[in-house]
Amino acid sequence: MPAVAVIGAHWGDEGKGRVIDFLAANRDVVARYAGGANAGHTVINDLGTFKLNLVPAGIFNPDCICVIGNGVVVNPPALVSELKMLTDRGVAVDGLRISERAHVVLPHHLALDVLEEQARGAHAIGTTGNGIGPAYVDKTAREGIRMGDLIRPETFRERLTQVLARKNRLITQIYGGTPIDLNEVLEDYGRCAEKLAPYVTETGRLLRDALKQGKRVLLEGAQATMLDIDFGTYPYVTSSHPVAAGASLGVGIGPNQIDEIIAVVKAYSSRVGGGPFVTELVDETGERIREIGQEYGTRTGRPRRCGWFDAVVGRYSCEVNGVTRLAVTRLDILDTFDEIKLAVAYELDGKRIDWVPANLDDLERCTPVYETFPGWKAPTSHIRNFDDLPANARRYVERIGDLLGAPVDMVGVGASRMQAIVRRPLP
Ligand code: IMP
């Protein structure tokens, strides 16, 4: 049975965690394929509210194997404390598996993330400060250390000794920062390695075998298309491939093994960090969306920039990812608005365009062309059937589906697992 991927279509924080938690109830395997502890997946279920950074949201299904794939960068202390948080709250983590090919986020990555951001000054990316960029740089530069190295103390010592000497020169001589102490890292990470070793394995084989055996596999995206290193608003992006194509690479299966791609979009748009955001509302309406939606970063607590739904970006994402179905989340946040706008095109230098310019200067000059919808001005959180939604809400949701070119199969009307309208069973 082929796998299903869940991706974010805008700038992240679309509610992928809740959609994955919903789908994970009947999955055999849930595998995270990209990013690291920069992600913040909020899951609200019978056990309470959980904020996950590295562990796949399938962990709440005790029968599910949860894989941290080779495409993820793993911060061992962060993962150890996340596992402790879960076990302390009664969630079994025996189903976790970590790829031995996944790269390790090390203290010098965290230090360099901060120092490089400072050096960028006014052009700072607004990273989450989790060392993600520097860890992927080392991976590509073939200076990375993988989970399989971390759990072999001699290999870890040898690799880290080599790499850290050079990184410390960079930290001290270029950035004037404080060098990282080799022995401290060996000790701290050595302790984490002992705790994580039982979970580290060749997860690619596990995934391929699961697919051969007809098991139900879900590929969990983190971040989103507009933060993709190739397809996002470069350089205001993350350093991995959140797009669906990154899923096969990030877990080690063929692209033809993924047959359904679910894009998660919020009923409005938000972005955290720097970079262009055509429909951003720097006014009272934006503030109102932020407050009602409590749009503050799960990972960093930063206020998120909010704006109307950008269907130009949405359509682009659906094309780049090959999206087959849509989940629209947080419709209830718009319940009290008199009118709601949807960007259906951009205007660039007086011309109407319906695509996302790759060039950042062009994108920054774009202004939104809106369609305006009357609000529905009624609560929706209790609704479980699409036909029971107010007519204006139905029209708005249908228009999103039309513009993005994929059916809206699920609508989120509240944060908890059950506050969802499922129009067509998800695959
Ligand atoms: P980094 O991934 O920490 O390097 O951050 C690069 C950019 O991606 C910044 O604009 C971050 O705010 C953004 N970013 C990274 N992870 C997430 C996420 O999970 N949700 C939303 N934005 C994110």
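The structure we're discussing is the one just above.
Right, let's walk through the structure included here. The structure displayed is predicted, hence computed values, not measured ones.

1. Thoughts on the site of the ligand
Point 1. Around the ligand, a shell composed of 16 residues is seen, among which Asn 38, Thr 128, Thr 238, Val 272 and Arg 302 lie nearest.
Point 2. Gly 126 is positioned such that a nitrogen or oxygen atom in its backbone is 3.3 Å from an oxygen atom of the ligand.
Point 3. Between the ligand and Val 272, the relevant distance is 3.0 Å, taken from an oxygen atom to a main-chain nitrogen or oxygen of the residue.
Point 4. Burial of the ligand by the protein amounts to 97% of the accessible area it has alone, namely 470 Å².
Point 5. Among the residues forming the shell around the ligand, the class breakdown is 6 nonpolar, 8 polar and 2 charged.

2. Digging into the pattern of salt bridges
Point 1. The final tally for this structure, using the stated rule, is 25 salt bridges.
Point 2. A salt bridge links Lys 167 to Glu 143, with the nearest nitrogen and oxygen atoms 3.2 Å apart. Placement of Lys 167 in helix 6 (residues 153–174) and of Glu 143 in the loop between helix 4 (132–140) and helix 5 (147–150) is noted, with a sequence separation of 24 residues between them.
Point 3. For Lys 167, a relative accessible area of 9% corresponds to the buried category.
Point 4. When its relative accessible area of 18% is taken as the criterion, Glu 143 is described as buried.
Point 5. Close ionic contact of Arg 325 with Glu 260 constitutes a salt bridge, the shortest N to O distance being 3.1 Å.

3. Quick word on the side chain of Glu 117
Point 1. In this structure, Glu 117 sits in helix 3 (residues 107–120).
Point 2. Among the polar contacts made by the side chain of Glu 117, one reaches the main-chain amide nitrogen of Thr 127 at a distance of 3.0 Å.
Point 3. Residues contacting Glu 117, with those up to four places away along its chain left out, are Ala 124, Ile 125, Gly 126 and Thr 127.

4. Some remarks on the packing of aromatic side chains
Point 1. Counting across every chain of the model gives 6 aromatic pairs.
Point 2. With a centroid separation of 6.0 Å and 40 degrees between ring planes, the pair formed by Trp 376 and Tyr 396 is classed as tilted. Here Trp 376, found in the loop between strand 18 (367–374) and helix 13 (391–404), pairs with Tyr 396, found in helix 13; they are 20 residues apart in sequence, far enough to count as distant. The exposure classification of Trp 376 matches that of Tyr 396, with both residues buried.
Point 3. Here the aromatic residues Phe 373, Trp 376 and Tyr 396 are joined through ring pairs into a cluster of three or more.
Point 4. Sitting over the face of the ring of Phe 50, Arg 89 holds its NZ or CZ atom 3.9 Å from the ring centroid.
Point 5. The lysine or arginine in question, Arg 423, covers the ring of Phe 386, its NZ or CZ lying 3.6 Å from the ring centre.

5. Quick word on the sheet that holds strand 20 (residues 420–422)
Strand pairing in a sheet takes place through backbone hydrogen bonds and is either antiparallel or parallel in direction.
Point 1. Spatially, 9-7-5-2-10-1-11-15-19-20 is the arrangement adopted by the 10 strands of the open sheet, whose pairing is mixed. Either end of the sheet is taken by a strand with one partner, and the two such strands are strand 9 (200–201) and strand 20.
Point 2. Two strands pair when backbone bridges link them, and strand 11 (residues 258–266) and strand 15 (residues 325–329) are joined in this way by 5 bridges, in the parallel orientation. Considered in strand 15, the bridge of Ala 263 is made with Leu 326.

Calculation criteria
Residues numbered from 1 in each chain as written. Predicted model: local features only at pLDDT ≥ 70, side-chain atom pairs only at ≥ 80, totals over all residues. Heavy atoms only, no water. Near = heavy atom within 4 Å. Polar contact = N/O pair within 3.5 Å; in protein donor to acceptor, adjacent residues only side chain to side chain. Areas by Shrake-Rupley, 256 points an atom, 1.4 Å probe, with all protein chains shown as cover. Nonpolar A, V, L, I, M, F, W, Y, C, P; charged D, E, K, R; others polar. Salt bridge = Lys/Arg side-chain N within 4 Å of Asp/Glu carboxyl O. Helix = DSSP H or I, 4+ residues; strand = E, 2+ residues; numbered from the N terminus. Buried < 20%, exposed > 50% of the residue type's maximum accessible area, 1.4 Å probe, protein only. Contact = heavy atoms within 4.5 Å. Phe/Tyr/Trp six-rings, centres within 6.5 Å; stacked < 30°, edge-to-face > 60°. Lys NZ or Arg CZ within 6 Å of the ring centre and 35° of its normal. Pairing = 2+ DSSP bridges.

Any functional reading would require information beyond the geometric quantities listed.
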